[in-house]
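Chains, contacts and geometry: an overview
These are the residues of each chain, in order.
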Amino acid sequence: VNSTLDPRRASSSTSQAAPKPSSSARAVDLFDIPESDSMTIIPGKKFTSKLPLNPDEQKYIARCLAKHGDDFKKMARDMKLNDMQHTEAKMKKMAARFFLLTTEQLRTDIPSNITHLMNQCQGEEEGGEEGR
């Protein structure tokens, strides 16, 4: 209950004033915030990076790409293959993430009719890094 609306509590809340923090106190002084560089890794805890596409999504988009190539409109309208009913934009995003996966991140086979797209995307990525 809000103390300003309840007259019985209004008198008791005015007598108890909350302590005010000093103006010179900073948030770092008030809380013990560890430095990120000095943090230790928890023993026995395995930290893995999250994949851009999980293995099920990789298999799903690989099947779609194998059938339709880079025609995302057909991919989105194929009700048998696109059982998740993803939109054209969602399929483009999934394909872009699939093409940017490294060989260590791939959990499925690359269909033979899209290897040229995969090589082209990875070639652009390597060419972009050389110019930096």
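Going by the structure above, here's the rest.
Calculation rules
Residues numbered from 1 in each chain as written. Predicted model: local features only at pLDDT ≥ 70, side-chain atom pairs only at ≥ 80, totals over all residues. Heavy atoms only, no water. Helix = DSSP H or I, 4+ residues; strand = E, 2+ residues; numbered from the N terminus. Core = buried A, V, L, I, M, F, W, Y, C linked by side-chain atoms within 4.5 Å. Buried < 20%, exposed > 50% of the residue type's maximum accessible area, 1.4 Å probe, protein only. Contact = heavy atoms within 4.5 Å. Expected span 1.5 Å × (residues − 1). Polar contact = N/O pair within 3.5 Å; in protein donor to acceptor, adjacent residues only side chain to side chain. Salt bridge = Lys/Arg side-chain N within 4 Å of Asp/Glu carboxyl O.

1. Side note on the environment of Ala 95
Among the secondary structure elements, Ala 95 is positioned in helix H5 (residues 88-99). Along the primary structure Ala 95 and Ile 61 are separated by 34 residues, whereas in three dimensions their C-alpha atoms are 6.5 Å apart.

2. Quick word on the nonpolar core
Grouped together as the largest cluster of nonpolar side chains are 19 residues, with contacts concentrated most on Ile 61, Leu 65, Met 75, Met 91, Phe 98 and Phe 99. At the level of secondary structure, the elements contributing two or more residues to this core comprise helix H3 (55-68), helix H4 (72-77), H5 and helix H6 (115-130). Dropping the residues within four chain positions of it, Phe 99 is found in contact with Leu 65, Ile 114, Leu 117, Met 118, Cys 121 and Gln 122.

3. Details of H3
In this model H3 runs 20 Å from its N-terminal to its C-terminal C-alpha over 14 residues, within 8% of the 20 Å that 1.5 Å per residue would give. All buried positions along H3 are accounted for by Gln 58, Tyr 60, Ile 61, Ala 62, Cys 64, Leu 65 and His 68. At its buried positions, H3 is contacted by H4 and H5. The opening residue of H3 is Asn 54, an N-cap whose side-chain oxygen sits 3.1 Å from the backbone nitrogen of Asp 56. Gly 69 sits one or two positions beyond H3 and adopts a positive phi of about 65°.

4. Focus: the pattern of salt bridges
In total, this model carries 3 salt bridges according to the counting rule given. Salt-bridge contacts for Lys 67 lead to Asp 78; the nearest nitrogen and oxygen are separated by 3.0 Å. Of this pair, Lys 67 sits in helix H3 while Asp 78 is found in the loop between H4 and H5, placing the two residues 11 residues apart along the sequence. A salt bridge links Glu 88 to Lys 92; the nearest nitrogen and oxygen atoms lie 3.9 Å apart. Residue Glu 88 and its partner Lys 92 are located together in helix H5, separated by 4 residues, close to a single helical turn. Assessed through its relative accessible area of 30%, Glu 88 is described here as partly exposed.

Purely geometric numbers; function is a separate question.
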